[in-house]
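# Coordinates in review
Spelled out from the first residue to the last, the chains are:
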Amino acid sequence: MMDHQADERFMRRALELAEEAARWGEVPVGAVVVEDGRIVGEGFNRRETWRDGTAHAEMLAIGEASRRLGGWRLTNCVLYVTLEPCPMCAGAIVLSRLRRLVYGAADAKGGAVESKVRLLEAGLWNHAPEITSGILADDCAKLLTDFFRKRRAERREGEAR
């Protein structure tokens, strides 16, 4: 059952995590895994910090939830993420059997749910989560746009020196 207020509340927490990623100089993406109304896993991008291409927000949140719940099957869980998942994260969503995916901003360049490819389409794999998109999409997109605008300005400033 979908609860719009709960979706917004948990997406706001994912946005807080995305802001933390930006403070670390990471692309601002945050994710939370929720079971029965409580957060059981959180993550934000750490690819640059950890020098690990797999350190996406979703992967870290799913990993924490699995450790906390004592198993890899997250069948009663919902993943909230500020940006449409990439192919790797879409695969992790299928493999961890998440019941539902809720994401904010679409990712025209790398989104693997609806934008670029549709890896979570029903019937494609042995599991397909329910999908809700566009929750706080403007806030999620603005955080990314502001981050990259600032990064480009810093790069130009460095080149001018």
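Being a predicted model, the structure only gives us computed values, none of them experimental. (Residues numbered from 1 in each chain as written. Predicted model: local features only at pLDDT ≥ 70, side-chain atom pairs only at ≥ 80, totals over all residues. Heavy atoms only, no water.)

This part is about a positive patch on the surface. On the surface, K109, R152, R155 and R156 cluster together to form a positively charged patch. Relative to the elements of secondary structure, R155 occurs in helix 5 (residues 137-160). (Patch = residues over 30% accessible without salt bridge, like charges linked within 9 Å, V, L, I, M, F, W, Y side chains within 5 Å. Areas by Shrake-Rupley, 256 points an atom, 1.4 Å probe, with all protein chains shown as cover. Salt bridge = Lys/Arg side-chain N within 4 Å of Asp/Glu carboxyl O. Lys, Arg positive; Asp, Glu negative; His and termini not counted. Charge placed at Lys NZ, Arg CZ, Asp CG, Glu CD. Helix = DSSP H or I, 4+ residues; strand = E, 2+ residues; numbered from the N terminus.)

Taken from the UniProt record, the annotation "binding site: Zn(2+)" (unreviewed entry) applies to H56, C86 and C89. Look at the named residues: they lie 34 residues apart in sequence, but the longest C-alpha span between them is just 9.3 Å, so in the fold they bunch up. Here H56 is to be found in the loop between helix 2 (47-50) and helix 3 (57-69). In contact with H56, other than residues within four places in its own chain, are N45, R47, C86, M88 and C89. By secondary structure assignment, the location of C86 is in the loop between strand 3 (77-83) and helix 4 (87-95). Residues in contact with C86, not counting those within four places in the same chain, are H56, E58, G110 and A112. (UniProt positions renumbered as here; feature names shortened; annotations may be inferred. Contact = heavy atoms within 4.5 Å.)

Ranked by internal contacts, the top residues of the largest apolar core, which has 45 residues, are M11, V33, I62, L79, Y80, L98 and L101. Going through the elements one at a time, helix 1 (4-23), strand 1 (30-35), strand 2 (38-44), helix 3, strand 3, helix 4, strand 4 (100-105) and helix 5 are the ones with two or more residues in this core. Here the element with the most residues in this core is helix 1; it accounts for eight residues. Here L101 is in contact with L79, V81, P85, I93, V113, L120, P129, E130, I131 and T132, once residues within four sequence places are set aside. (Core = buried A, V, L, I, M, F, W, Y, C linked by side-chain atoms within 4.5 Å. Buried < 20%, exposed > 50% of the residue type's maximum accessible area, 1.4 Å probe, protein only.)

Taking strand neighbours across the sheet as the criterion, the five strands line up as 2-1-3-4-5 in an open arrangement whose pairing is mixed. The strands lining the two open edges of the sheet, one partner per strand, are strand 2 and strand 5 (130-133). Going from strand to strand, the sheet's axes swing by 15° on average, the running direction of each strand aside. By the bridge criterion, six bridges tie strand 1 to strand 2 in an arrangement that is antiparallel. Among the inter-strand pairings, V33 is bridged to a residue of strand 2, identified as G41. Strand contacts of helix 3: strand 1, strand 2 and strand 3, with the helix running at about 140° to strand 2, the strand carrying the most contacts. (Pairing = 2+ DSSP bridges. Axes fitted to C-alpha atoms, helices over the stretch in contact; angles between N-to-C directions.)

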